[in-house]
Amino acid sequence: MGLARTALLWISENRALRRALPNYRFIRRAVSRFMPGEELDDALEAALGLQRGGIRTILTRLGENVLDRRTAREVTDHYVEVTRRLRERSVDSYLSVKLTQLGLDLDEALCRENLERICNAAEDVDTWVWIDMEQSTYVDRTLEVYKEMRSRHRKVGICLQAYLRRTARDLEGLLPLSPSIRLVKGAYKEPASIAFAKRAEVDRNYLALSTTLLETTPQGAIFGVATHDQALIDRIIAEANKRGAGKSRYEFQMLYGIRMDAQRRLAGEGYSVRCLISYGSYWFPWYARRLAERPANVWFVLKNLLS
Ligand code: FDA
């Protein structure tokens, strides 16, 4: 792992910096590149704009490691309200949630209860709920919660991380459930004992997992190819074509503000593209992970300091 990436991921997990850094105006200016605004209305406006251009969306309210029951319930109420707003404004958007935002660190039963409420509300407006994957210490519990939700809900998906050595095994374990999987490379700081450290190894695993997903994702489920890596995207499209898997068998999921050109191009070519829009005030750790993915982004932050 590069030094800059390690440092940025350390910053993302440091409590004091998590509190202090977001107060600097130049950092707040720089983050606007990756989020249209802190309010749900900002996200809905952006979603409608993208929808008009053929790109649908995924909404997530930033937050993680919630430490009291009241906040976990408040987040849940918020997502239920989002489903109402989606219907009201005719926005075709999935929801994406972190289990630690719904209380996983406090009480797993509470977290399941909160997620169940969100899944029920999403079902009422016929949309999907996606469960993010967080640090490796949460993987087992996240998989268990997903399995339970999947037994009652069809439109629920889970994120798997190609950088973890265990993921091929985890995927095998999920296949009997006809899962919907969002495949990502992985955004956290993980030791080499459990995660591939070299980029080429992560990419190789991503491609191998994608091949399995192209072959096993049934009708009605979704394989979300969640990467901005053009070389991987090209190879996955080629693998899909080789297998006669049409454009409806997978969809591209990317982040707001990253490779928007590619998102527009793929949508123009008839692929399903979903752009994940983040909003909310608790954006610092998430933003630091975006910087870690591409340490060159730090120059962008510094430019905002100087301007
Ligand atoms: P890679 O990092 O190799 O980037 C490929 C290219 O994309 C770069 O060369 C650059 O052009 C562009 N790019 C990528 N990141 C950029 C950035 N921050 N700024 C500017 N350009 C950038 N992770 C996780 O652990 N758990 C999760 O639940 C999720 N959820 C999730 C949902 C969705 C829809 C996406 C797209 C991603 C996630 N991730 C995630 C994040 C994921 O693990 C990963 O860190 C990022 O997607 C970056 O990796 P890429 O696959 O894009 O490749």
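This one's a predicted model, so the numbers in the text were calculated from it and none came from an experiment. (Residues numbered from 1 in each chain as written. Predicted model: local features only at pLDDT ≥ 70, side-chain atom pairs only at ≥ 80, totals over all residues. Heavy atoms only, no water.)

Asks: Describe the site of the ligand, listing the residues and the values that go with them.
Replies: Taken together, the neighbourhood of the ligand is formed by 26 residues, with Lys185, Gly186, Thr227, His228 and Glu293 sitting nearest. Within the side chain of His228, one N or O atom sits 2.7 Å away from an oxygen atom of the ligand. In the complex, 88% of the free accessible area of the ligand, which totals 930 Å², lies under the protein chains. Every element with two or more residues in the shell around the ligand is listed here: β4 (156-161), β5 (180-184), β7 (251-255) and α12 (284-293). Ranked by residues supplied to the shell around the ligand, first place goes to β7 with three residues. For the shell around the ligand, a count of residues per class yields 11 nonpolar, six polar and nine charged. (Near = heavy atom within 4 Å. Polar contact = N/O pair within 3.5 Å; in protein donor to acceptor, adjacent residues only side chain to side chain. Areas by Shrake-Rupley, 256 points an atom, 1.4 Å probe, with all protein chains shown as cover. Helix = DSSP H or I, 4+ residues; strand = E, 2+ residues; numbered from the N terminus. Nonpolar A, V, L, I, M, F, W, Y, C, P; charged D, E, K, R; others polar.)

Asks: Help me get a handle on the packing of helix α1 (residues 3-13) against α12, residues and values and all.
Replies: Helix packing geometry: the angle between the two helix axes and the distance between the axes. It is the contact of α1 with α12, at a shortest axis distance of 8 Å, that shows an interaxial angle of 175°. Classified by the interaxial angle, the pair formed by α1 and α12 is roughly antiparallel. In contact with Arg5, Leu8, Leu9, Ile11 and Ser12 of α1, α12 contributes Phe284, Pro285, Ala288, Arg289, Leu291 and Ala292. Of the residues belonging to the contact of α1 with α12, the class tally is eight nonpolar, one polar and two charged. (Axes fitted to C-alpha atoms, helices over the stretch in contact; angles between N-to-C directions. Parallel < 35°, antiparallel > 145°, perpendicular 65-115°, else oblique. Contact = heavy atoms within 4.5 Å.)

Asks: Go over empty space enclosed by the protein with me, naming the residues and quoting the values.
Replies: For the coordinates displayed, the defined rule picks out two cavities of 30 Å³ or more. Of the voids in this model, the largest cavity is the one considered here, and its volume is about 50 Å³. Around the largest cavity sit Cys119, Ala122, Glu123, Thr127, Val129, His153 and Lys155, which together line it. Of the residues forming the lining of the largest cavity, the biggest block, three residues, is contributed by helix α6 (residues 108-124). The residue makeup of the lining of the largest cavity, split by class, is three nonpolar, two polar and two charged. Only β4 and α8 (167-174) provide two or more residues apiece to the lining of the second largest cavity. (1 Å grid on protein atoms, 1.4 Å probe; cavity = no way out; pocket = protein on both sides within 12 Å on 5 of 7 lines; lining within 4 Å. Points joined across faces, edges and corners; volume = space filled by probe spheres on them.)

Asks: Tell me about the packing of aromatic side chains, and name the residues and values.
Replies: Scanning all chains against the criterion turns up eight aromatic pairs. Between the aromatic rings of Tyr94 and Trp130, the centroid separation amounts to 6.1 Å while the plane-to-plane angle is 40°, which identifies the pairing as tilted. Of the two residues, Tyr94 sits in strand β2 (residues 93-97) while Trp130 sits in strand β3 (residues 129-131), which places them 36 residues apart along the sequence. Since its relative accessible area comes to 0%, Trp130 is described here as buried. One aromatic cluster is present, formed by Phe34, Trp283 and Tyr287 through successive ring pairs. A cation over a ring is seen here: Lys247 above Tyr271, with NZ or CZ 4.8 Å from the ring centre. When the ring centre of Tyr94 is taken as origin, the NZ or CZ atom of Arg274, which lies over that ring, is 3.7 Å away. (Phe/Tyr/Trp six-rings, centres within 6.5 Å; stacked < 30°, edge-to-face > 60°. Buried < 20%, exposed > 50% of the residue type's maximum accessible area, 1.4 Å probe, protein only. Lys NZ or Arg CZ within 6 Å of the ring centre and 35° of its normal.)

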